[in-house]
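Structural overview
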Amino acid sequence: MADHDDIMLVAWIDQLLSFSAAALGVIRSDEAYPSLLRWARSDGAHLVGEDVRLAQALAAPLWNQTPLVRLGFDTEPLAKPAASEMCWCDSGRRFRDCCQPITFPAPLPDNLMWMLSLCQWRGDLLKRAAHSRHVPLQALLEAGIVDAEAGQLGRAQQLFELLFQRSHERNDNLLLEQAFESLEQLYRQRGFSRKLDTLITTALESDNDRLKGSALEQLTLAELENDDLAAARENFALAQRLIPDAPMLAYLETMLLLQEGHSEKAQQRAAFWHRRLSRRSDADPDELEFVQQLARHPARALADEMIATDDELADSLLALRNTLAQLPDAMLSGLTSAEGGVTCYVPSAKDLEYYRAWSQVTSQQQGLASELEAAHLWMNAQRWLPALNTHPQWLVSPLVMRELATALASRFGSLPWMSDAFITPLARRFDSWLNAIERRKAPLPWQQGENSVIYLFGLALISALERSDRHQSRRFAARLYRLDSDDPMGLYELVLEHYLLEERNEKVVKLVNERRGHETPIAEALAQALALFRLGQREQAEEVIKGVKRINRYVVAMMTPLRLASAVTGESNGQAGSRAEAWQVRLLLRGCWGATPGALEWLEQFA
């Protein structure tokens, strides 16, 4: 029965909107009530199932809420007749015997005709109407939503900006918050970063805690996108104090914990949020269901949400996820032995054939050479993703896999919840290819043949796995480093960290000793000092630390505090001896030192 009632209500709304829009067109012809009545009894009745009485009953209430241009956008409402008075539809019958008994399936929205008018008007007329003192704020909101859904983003922005201003002036907090949320989404969609910054700043200066909390939520989201986890954590905590029951906080905290590498805690906190929000009588069922999904499987729920809300690529991303999930094992063909007993990858005819087909849809001429080009490739994903899903055999070619990995890393590398769907399948294939190379027990020099393709494929995965599977990321770095000791991709420091994490301390000491003479030995020296500390060789470790301090006097002091805000603005990034260099070393090695019992306490004596 409930489903039947819902269907009837939807049918009524469609009928009402059609009737009201047509009625508005008639009113605009001469802005006279008699003309509307004549239309309602004839053409109007056709729009409500030939029910003349219903059409007449609708005419007066719709007229009463219609803004009239001739009155400066004021209305000209009719006085509702008493039961014994003549009906206001001019039928000649008393109200009780005519329109009064007519009931509508649902109440008429108060601002329906204002909303429709704002959606129909254009140019100067729209501007004058929207700025009129008579315009209901709710009508600005509803018209803006309709325009945004219809793709009229400029008009929607104009209405939402006015709504934000007016609701702020009138202290209408509910509409102010709705205007903020609408503008925030619109500015992001249109790429208006300066307007978004100004909007958030204005909201943060507001006395409205909910508005300020919403602004902090958006700041947290932006900082997560920029991989600034410390600032994201700080603003999340501020938002939580202001709006402790906001459903958006469950979403943000799950993302934050996953980016921090705490998947189990993310699941626990999502379960907490679900219990908390379930107690609210006004909880939105759809929001509750999403938070419940977060509690069951945080990464999958976030990935599903991100894919589903991508208007342009949702279908293609779903297809790619399915393609990669079924990615079969593939041999790395084209491995040969070259002069000097080294291994060389030479693309097979099939590799080149698939790469040429891929290049035709991606418009890549000479491969990807930079992050900027990778981002550009992703911007054209709407073109090449469907083609790749249609031709999954292209993924046999390392040339294709390398560019796909680079593009996916540029888009999803900082989002650990997307890794299982789009990065891990590529990593499995790369792992099998590395196994094939390592079985040859020969170096793989960067300069030989197309060996750089293998290295760049690996580098993309090392970057993409940084948040979701750091151990695998560092493991790939170590394996590639061993294949070419010249270290063409600068993997040395990542390898050191990998060995430290695995507590292969003798390997760390040996690796650093082998690299003596290289420039800027701060990171490797600190890694060696930690390894020596773990091996109980405290005197040697102390000598290394003293050498570090002679090169950079900031680094030891920056390593010891638990929390430390970056304060390196104005300095060249990574300049030798600078705070910036010390900060980079802290980011790389602080976790290893902190995980070693007594290490930071010992190091603090040298600060």
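Heads up: the structure comes first, above all this text.
Residues numbered from 1 in each chain as written. Predicted model: local features only at pLDDT ≥ 70, side-chain atom pairs only at ≥ 80, totals over all residues. Heavy atoms only, no water.

Looking now at the overall build of the chain. On a plain count of helices and strands, the chain comes out with 31 helices and two strands. The C-alpha atoms of the chain give 33 Å as radius of gyration, which overshoots the globular expectation for 607 residues (25 Å, by more than 25%). Projected onto the principal axes, the alpha-carbon positions of the chain cover approximately 105 × 60 × 50 Å. Evaluated residue by residue, the chain yields a buried proportion of 48% over its 607 residues. Here the analysis covers contacts within the chain between residues at least 6 apart in sequence; of these, 62% occur between residues at least 24 apart. If you sum the accessible surface of the chain, you get close to 30,000 Å²; carbon and sulfur atoms cover 49% of it. Separation of charge centres in the chain, based on 64 positive and 81 negative side chains, amounts to 2 Å. (Helix = DSSP H or I, 4+ residues; strand = E, 2+ residues; numbered from the N terminus. Rg over C-alpha atoms; globule rule 2.2 N^0.38 Å. Buried < 20%, exposed > 50% of the residue type's maximum accessible area, 1.4 Å probe, protein only. Contact = heavy atoms within 4.5 Å. Areas by Shrake-Rupley, 256 points an atom, 1.4 Å probe, with all protein chains shown as cover. Lys, Arg positive; Asp, Glu negative; His and termini not counted. Charge placed at Lys NZ, Arg CZ, Asp CG, Glu CD.)

Summed over all chains, the structure comprises 19 aromatic pairs. With centroids separated by 5.1 Å and ring planes inclined at 85 degrees, the aromatic side chains of Phe430 and Phe476 adopt a geometry described as edge-to-face. One end of the pair, Phe430, is in helix 22 (residues 424–438); the other, Phe476, is in helix 24 (residues 470–483), and 46 residues separate them in sequence. Each member of the pair, Phe430 together with Phe476, is buried. (Phe/Tyr/Trp six-rings, centres within 6.5 Å; stacked < 30°, edge-to-face > 60°.)

Moving on: the nonpolar core. Trp378, Trp384, Phe422, Leu589 and Trp593 are the most contacted members of the largest nonpolar core, which has 132 residues in total. For this core, the leading source of residues is helix 27 (residues 522–534), giving ten residues. When sequence neighbours within four positions are dropped, the list of residues in contact with Trp378 reads Leu313, Leu317, Trp384, Leu385, Ala407, Leu408, Ser410, Arg411 and Phe412. Ala129, Val135, Leu140 and Ala179 belong to the second largest nonpolar core, which has 69 residues in total. (Core = buried A, V, L, I, M, F, W, Y, C linked by side-chain atoms within 4.5 Å.)

A word on the pairing of strand 1 (residues 335–338). Across four bridges, the pairing between strand 1 and strand 2 (residues 342–345) is antiparallel. Looking at the pairing, Ser337 lines up with Thr343 of strand 2. The antiparallel hairpin formed by strand 1 and strand 2 contains three residues in its connecting segment, where Gly340 sits at a positive phi of about 90 degrees. (Pairing = 2+ DSSP bridges.)

Moving on, we get to helix 11 (residues 229–242). Spanning 14 residues, helix 11 covers 20 Å between terminal C-alpha atoms, matching the ideal 20 Å at 1.5 Å per step. Of the positions making up helix 11, those classed as buried are Leu229, Ala231, Ala232, Asn235, Phe236 and Ala239. Axial view of helix 11: buried residues confined to an arc of 150 degrees, hence all on one face. Away from the buried face of helix 11 by more than 90 degrees, exposed residues Ala230, Glu234 and Arg241 are located. The inward-facing, buried residues of helix 11 contact helix 10 (209–225), helix 12 (247–259) and helix 13 (263–278). (Expected span 1.5 Å × (residues − 1). Arc of directions from axis to C-beta.)

Before going further, it helps to examine the pattern of salt bridges. Summed over the entire model, instances satisfying the criterion amount to 21 salt bridges. Taking the shortest distance from any N to any O, the salt bridge between Arg474 and Glu466 comes out at 2.7 Å. Exposure remark for Arg474: the relative accessible area of 2% places this residue in the buried category. Salt-bridge contacts for Glu542 lead to Lys546; the nearest nitrogen and oxygen are separated by 3.3 Å. Residue Glu542 and its partner Lys546 are both found in helix 28 (residues 538–551); the two are separated by four residues, about one turn of the helix. Among the residues examined, Glu542 registers a relative accessible area of 29% and is labelled partly exposed. Owing to a relative accessible area of 35%, Lys546 belongs among the partly exposed residues under this scheme. (Salt bridge = Lys/Arg side-chain N within 4 Å of Asp/Glu carboxyl O.)

So, on to the environment of Val453. Secondary-structure assignment places Val453 in helix 23 (residues 451–464). For Val453, a relative accessible area of 6% gives the class buried. It is 9.1 Å that separates the C-alpha atoms of Val453 and Met401, two residues lying 52 residues apart in sequence.

Moving on, we come to the packing of helix 25 (residues 492–501) against helix 30 (residues 579–594). To describe two helices that pack against each other, one gives the angle between their axes and the distance between the axes. Where helix 25 contacts helix 30, the two axes come as close as 10 Å, and the packing angle between them is 10 degrees. With respect to helix 30, the axis of helix 25 lies roughly parallel. The residues of helix 30 that touch helix 25, namely those facing Glu493, Glu497, Leu500 and Leu501, are Leu588, Leu589 and Cys592. (Axes fitted to C-alpha atoms, helices over the stretch in contact; angles between N-to-C directions. Parallel < 35°, antiparallel > 145°, perpendicular 65-115°, else oblique.)

Of note, Thr323 is situated in helix 16 (residues 314–325). Judged by relative accessible area, Thr323 falls into the buried class, the value being 15%. Placed 69 residues apart in sequence, Thr323 and Pro392 show a C-alpha to C-alpha distance of 6.9 Å. If we skip the residues at most four places from it in the chain, Thr323 touches Asn389, Pro392 and Leu395. Of note is the side chain of Thr323, whose polar atom sits 3.5 Å from the side chain of Asn389. (Polar contact = N/O pair within 3.5 Å; in protein donor to acceptor, adjacent residues only side chain to side chain.)

Looking now at the side chain of Glu217. Examined against the element boundaries, Glu217 turns out to sit in helix 10. No salt bridge forms around the buried Glu217; measuring N to O, its nearest opposite-charge neighbour Arg210 is 7.2 Å away. When residues no more than four places from it in sequence are discounted, the contact partners of Glu217 are Ala239, Ile243, Ala246, Met248, Leu249 and Leu252.

Two elements in contact, helix 13 and helix 14 (residues 285–296), have axes separated by 7 Å at closest approach and are oriented at 155 degrees. Put simply, helix 13 runs roughly antiparallel to helix 14. Here helix 13 and helix 14 pass one another in a crossing that is left-handed. On helix 14, the residues that touch Gln267, Ala270, Ala271, Trp273, His274, Leu277 and Ser278 of helix 13 are Leu288, Val291, Gln292, Leu294, Ala295 and Arg296. Its residues assigned to classes, the contact of helix 13 with helix 14 shows eight nonpolar, four polar and one charged. (Left-handed = near helix turned anticlockwise from the far one by under 90°. Nonpolar A, V, L, I, M, F, W, Y, C, P; charged D, E, K, R; others polar.)

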